[in-house]
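The lines below spell out each chain.
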Amino acid sequence: MSVELDVFVGNTTIMDKEVYQLWLNGYTVNDAVKVRIEGGVMEECEASAEVLLSDTMDQYRTFQMCERLLHHPAKLANQLLFQFHPQIPPDRQAMLIERYYAFDDSFVREVLGKKLSKGTKKDLDDVSTKTGITLKSCRRQFDNFKRVFKVVEELKGPLVENIRQHFLLPDQLARDYAAIVFFANNRFETGKKKLHYLTFQDFAFCAGQLINNWTLGAVDNIMDDMDVDLDKEFLQELKDLKILITDKDLLDQHKSLVCTALRGKTNVFNEMEANFKNLSRGLVNIAAKLINAKDVRDFFIDLVEKFIEPCRSDKWTSIDVNLYLTHYTNSAHILDTFKHHAVWTRYMGVIKSCILRMYHD
Amino acid sequence: MPGKLKAKIVAGRHLPIMDRASDLTDAFVEVKFGNTTFKTDVYPKSLNPQWNSEWFKFEVDDEDLQDEPLQITVLDHDTYSANDAIGKVYIDIDPLLCSEAATVISGWLPIYDTIHGIRGEINVLVKVDLFNDLNRFRQSSCGVKFFCTTSIPRCYRAVMVHGFVEELVVNEDPEYQWIDRIRTPRASNEARQRLIFLMSGELQRKIGLKVLEMGGNAVVGYLQCFDLEGESGLVVRAIGTACTLEKISSTLPATATHPSNSSPSKDMKEPGFGEEAPGVPLSSGPPTPLRAQTFSSFSPSKSYSRQSSSSDTELSLTPKTVGIFLFPSTPTLESESSPLPSAHLPRHLWPGMASRSTTPPPLRLSKSDTAILRKSVSFSEELLLAASGMGSGGSAGKEAGPLKALLRQQTQSALEQRRVSSSSEAFVRTGEYPFFPLTAFPPGFLLHVGGVVSARSVKLLDRIHNPDEPETRDAWWEEIRQEIKSHAKALGCQAVVGYSESTSICEEVCILSASGTAAILSSRFMQDGPLDTEHRLSRQPLCVFSTGSERVEGDMGSSASLGFEEVVSPGCGFCHIPYDELNIPFPAQLTYCYCCRRYKVPDVLFTTIDLPTEANVTGKGCLIQARLCRTKKKAQGEGNATVISNLLPFLEYELHTQLMNKLKLRGMNALFGLRIQISIGETMLLGLASATGVYLTALPSPGGIQIAGKTPSDITYEQHISNMQKKINDTIAKNKELYEINPPEVVEEIIGSPIPEPRQRSRLFRSQSESSDEVSELDLSHGKKDAFVLEIDDTDAVEDIHALLTDFPTPAGFYSCNTEIMPGIQNWTSAIQMFTSVRVFRLNASLTSQGLNKIFSDLCENLLKSLYFKLRSMVPCCLCHLNFTVAIPEDELIQVAVTAVAMSFDKEQLLENGKQSGEKTLIKAITENDEQLQFNLELNAETPSPNPLSSPKGLSEVGSHLSARALSVDYSSFADRCSSWIEQLKLKAHTIRRGSVKTTSSMEKASPLPEGRSRSLRSNRSYSGSSVAVVKMTPLSFIPGAKIIKYLGIINMFFIRETTSLREEGGVSGFLHTFIAEVFAMVRAHVAALGGNAVVSYSMKECVFMENPNKNQAQCLINVSGDAVIFVRESELESTSVQTQSATTHTSNGAEGT
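Residues numbered from 1 in each chain as written. Chains lettered and ligands numbered in written order. Predicted model: local features only at pLDDT ≥ 70, side-chain atom pairs only at ≥ 80, totals over all residues. Heavy atoms only, no water.

*Asks:* How do you make sense of the domain arrangement of chain A when you look at a structure like this?
*Replies:* Note on interface size: it is often stated as the accessible area lost on association of the parts. With domains assigned, chain A is organised as domain 1 (17-80), domain 2 (103-191) and domain 3 (232-358). Each of domain 1 of chain A and domain 3 of chain A was reduced to a C-alpha centroid, and the two centroids are 53 Å apart. (Domains from an automatic or database assignment.)

Here it is in structure tokens:
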């Protein structure tokens, strides 16, 4: 004796937020029922486990039917299959989409900067065991990344705006996706041990900086600009910054300017003075190498190795870092033989904000 | 060539990818009607094609317009191979054929494929131009309105109820034709879908013809069913009630012009019935102008279809209505028959009149009528006899010659006579049955209820040889209806209300069932207007008859002097027995009515109708179900039929006992909406009886349940029994508390019961006939034993009692019923949730009947529990119209499908500001609509009078009636009754207060604003762009907190879905879940395309599910129906009226949000 078929269909689709979350988290029906029982929903409504099972299965089916639409959220607005509660349709649909596209920071840290390929997808079970996130949920998140990537890859115009419009995501989530897409496209290395202390939000912030300042779309607002790739011309010009370290005079001049400005304003002045050439070399070398795709991938690891780690070992505070970078950037403009002011500003603006963001434990 | 159908294909969206290489589709559309096909251009490489085609025009007969659907096929163009079909859309254009329904179909409709489901949407525009057809021999019935609603639709009033209409059409089932072996499943499904579309169109057209012949213009309670008889064919049959309906807007000036007629009784009416005050026909002044006004409210381009239906037959609508109004003054009437008629006709046109002789008799009424009235009473006994003998086809032989003849003519309802005049009609049996599929009635229509009558017949199916002559199937139903009629007669009733028919088929055996409620109706609504002199004369006896039935009411005592009671059947009137108490058709315990104390009432009342709105009810109601499962031997053919026939009586008996016991257990005394479904399978029979139990104040309080042991020797046994007894008593007490059943303490005065010992009987009266036509009537009384003593003599009985007690109590905050309204709950909020739930249970062991019973009962209980859980967010809420259907799709499978609506209600909120809004609407009515400006000015001048007539005045009138009443009573019993009257008056006063509020709201409905609003609704919709309009669905005939301002036509859709990849689609549950959701989506889309925003009286009439998991296949057929409507939120009406008061130019903006 068994229930062979059991369905409930309402004219307005009933979706339980709690069950939706369980489904998104990749729980099996039985696990979800357990969680719900523990949540005390049974006492609340005099239900039995059987009723709960039936309800959970129904909800899961509804979500599965809905998933197809969630892949193209724009369709959700004018689809006919589900009728959401008449009073709050926009809220409800926004909630569905937002939660579907939400991801775990611990998961995204694992795949950030990796190629969104079948190969990576195959490795998801490792990610699942490592993060404790169910494989199903990992797959959903991975597929979301891939889907968004595929759609915006071909699109022109601002990346964040494209994502927001195509996937009806709230601003913050759209920015996060832009970061994911940007990282995946440029294959930034984020998995190295030295980078482990960085959170996804750190990277997302940096990605935002890069997108806003270093891509083609950042300089001119022409229609066919692309936000996904770095501005090649700019990268080319970055090579010109090498003069700051290759020209001995310029380097010394720069150092003295910065030291003059910093003197007496920080406790780590001596370390700054001692390290100036080293740090400057590091930053300028990063700039000069960015023209090579491979070195682009190492951008973050380079920042950490060449700048953040030395500073940290000298116990700079972030105020110190800020102070140093501000004067370091500004002083360059005063150098008489240095002419690449625009490139320098564009470069250092991003570098400064990235380093400040990344400068924590 | 009376019709031109025009279609335009605008665009498509969300199309599936048909070309894997490009991930795109080259779509084009074929538009087909009848044998004509048009094609659009191919719109290459797009999933969102913009065809923007020209108007495709089809010039066709209106007969075809009614029968055929417009078929739209979307295809993918393929240069090298055959074009691939993406899917189809069938559009029923019937709503466009009726002047008062929709005018255009426009919107996004899902493209449906029977294998893949919904595959994108298509935007189409469809219009119909109808030409006037004067051919009197035409076969079409355009213009007849169809309603699934089983009461008078909300924005109409019934001018006349003509009677029962039925029809059936048969055909071969394409699934069983030889060609099915060589065609694809898709082709086969589509052939079937199309055929059923055609058959329902044809059926509807034929019913419409009958209605026109009867002189009606609408079918209410239209119930269409399919019998999938397999090899032997496909039967589509329908029943309904033919009516003449009138848009309620025309009644407003009528009431207004004669304020003197607005009595408190009028205020008590429920607006929903579209019922009109009795004084209206009379007071409407010159009737012809009124008609003219009615017509003037239609747009000129549309009115012809209405006129065509009236002008080409002799039974024209316009003259008939006029005829009613003029009727009383026609002198020829008196000369023909006894002096009674002319005097009585006015009386039942305005039944309230007799009581208010102070009212100046308006217009043509002769001053002497009261005198003649009195005279009529002396005849009434004879007339009553005649009434009870009605329909017997000759047995009513006691009356005087002419009278008898006249009576018979009347009771056999209108069509019988019509038949004489229209000899071309092939189906002559129609008028014989005074059956009404309606379940709710205008107040005053239902006089008395006898009880449930039902009949079943087991038949062996044979192949239908000639589809054009469906004689066998007709004859079968004929038999059943005859039986029902004779049962009703035995209960002393002239009519059967809440009538329905159903079948259950297993292999070649078929059970036909019919059931209804025997009742006596007021003839006020049934009388037919004179169509010509001959008809008028023959129709005359109507009044004679009605006098008979009204005498009963008049004798109710209270009604004679309390004028309002006579109009609105008092809260107890319908409970009074219609049969002769000395000659009761079955043993029953009668007592004097606990309300009026004058008439006999039964102890328990079972009915198939909704609880009358005016009924006095104590506490709340609840769903009561009896469930039964019986094993049977496997057998073939005739043997099988015999086995089933033999089992049926036991099944019914047990269902009935269960119902009775459960009713007692809840401390209630009446069942409404009783529906007994019996389903047959290879090895078992299922019986499911659902009803809503209530405590009728007029009926005696039910006794408890006694348990008696047969072997009282054992002490532990005794203890066991007393424990059980205690449990039962506790449950009864708990239930009484739960359902708030605290009947007022009344002095017991059981007098004159023919059976002195306290035996309790039911009203269920039925029998079943076998294929041999043998009629065996079943006495449901339990022999000589007391029916309330449950004897525990074996384990079965213990099980029974356990089953009785294990019914899961509804969780806190939930109520449930299977009727339209829940007594005791009024403050509905606007939150409604219609749902369908289906469960299939597999029994994989050979079980005893007892075990099966338990499983079946648990299945239903668990389903209910699941529903409560699902809908927990709506608490406090009531599940209304819970409609269970059971089936045995194959051996060892039980399928239960439920469709219902959950409605939230507000415990605190009181009825408010109805009056206010009514006044506002009036102002709005004047300012807003140009078309009807003249009409409304007149209205404006006169309206104030009915409007301020709210509670205070109503009460004072009641008071005066009370004094009048007191004077007229015989003094011996005065003291006794005084208290109960006062109580009753309190009740009435309450009703009046409520009623007045509602009456004003009915005027809102009547205002022309809604028409304007509906237009704006439409235009707003198109502005709102991509977002999908919300379409509400409900199995009820109304939407809480909203007014239905327009009926757009009937929705009747049939879909087949098949899959060969069941697992991939999520198994059977996934498959069916998707399919039901798709059906909902398609219904909503079609309603929205008609311009509607809701479906009322929605029902899923068929859900046939078949699976073959081994082959990874499944198939499902679903048939749904309902009425597409436009509704407007009451609050929005309010807000708009405020707007319009300030600025007339800003009309109805609020409609968008609906």
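*Asks:* Is there a simple way to think about the packing of aromatic side chains in this case?
*Replies:* When we look at a pair of aromatic rings, we describe it by the centre distance and by the angle of the planes. Applying the stated criterion across every chain, the model contains 54 aromatic pairs over all chains. Aromatic pair A:Phe188 and A:Phe299: ring centres 6.4 Å apart, planes at 55 degrees, arrangement tilted. Remark: A:Phe299 occurs in helix α20 (residues 299-313) and A:Phe188 occurs in the loop between α12 (171-186) and α13 (200-214); sequence separation between them is 111 residues. Judged by its relative accessible area of 1%, A:Phe299 is buried. Ring geometry for B:Tyr815 against B:Phe905: centres 6.1 Å apart, planes inclined by 50 degrees, an arrangement best described as tilted. Pair noted here: B:Tyr815 is in strand β27 (residues 814-816) and B:Phe905 is in strand β30 (residues 893-905), with a separation of 90 residues, a long-range link. For B:Arg13, the ring lying beneath its charged end belongs to B:Trp108, and the centroid distance is 4.2 Å. (Phe/Tyr/Trp six-rings, centres within 6.5 Å; stacked < 30°, edge-to-face > 60°. Helix = DSSP H or I, 4+ residues; strand = E, 2+ residues; numbered from the N terminus. Buried < 20%, exposed > 50% of the residue type's maximum accessible area, 1.4 Å probe, protein only. Lys NZ or Arg CZ within 6 Å of the ring centre and 35° of its normal.)

*Asks:* How should I be thinking about the pattern of salt bridges in this particular structure?
*Replies:* Between side chains of opposite charge, a pair can form as their charged atoms come close. Tallied over the full model, the rule gives 50 salt bridges over all chains. Two residues, B:Arg842 and A:Glu4, come together in a salt bridge whose shortest N-O distance is 2.7 Å. Within this pair, whereas B:Arg842 is found in strand β28 (residues 828-842), its partner A:Glu4 is found in strand β1 (residues 2-10), the two belonging to separate chains. A residue is classified by how much of its surface remains accessible, and B:Arg842, at 23% relative accessible area, is partly exposed. Linking B:Asp227 and B:Arg237 is a salt bridge whose minimum nitrogen-to-oxygen distance equals 2.8 Å. Of this pair, B:Asp227 sits in strand β11 (residues 218-228) while B:Arg237 sits in strand β12 (residues 234-247), and the two are 10 residues apart along the sequence. For B:Asp227, a relative accessible area of 3% translates into the label buried. With a relative accessible area of 6%, B:Arg237 lands in the buried category. (Salt bridge = Lys/Arg side-chain N within 4 Å of Asp/Glu carboxyl O.)

*Asks:* Would you take a moment to explain the side chain of B:Ser46 for this structure?
*Replies:* Along the chain, the position of B:Ser46 falls in the loop between β3 (36-39) and β4 (55-60). For B:Ser46, the side chain forms a polar contact with the main-chain nitrogen of B:Asn48, separated by 2.8 Å. (Polar contact = N/O pair within 3.5 Å; in protein donor to acceptor, adjacent residues only side chain to side chain.)

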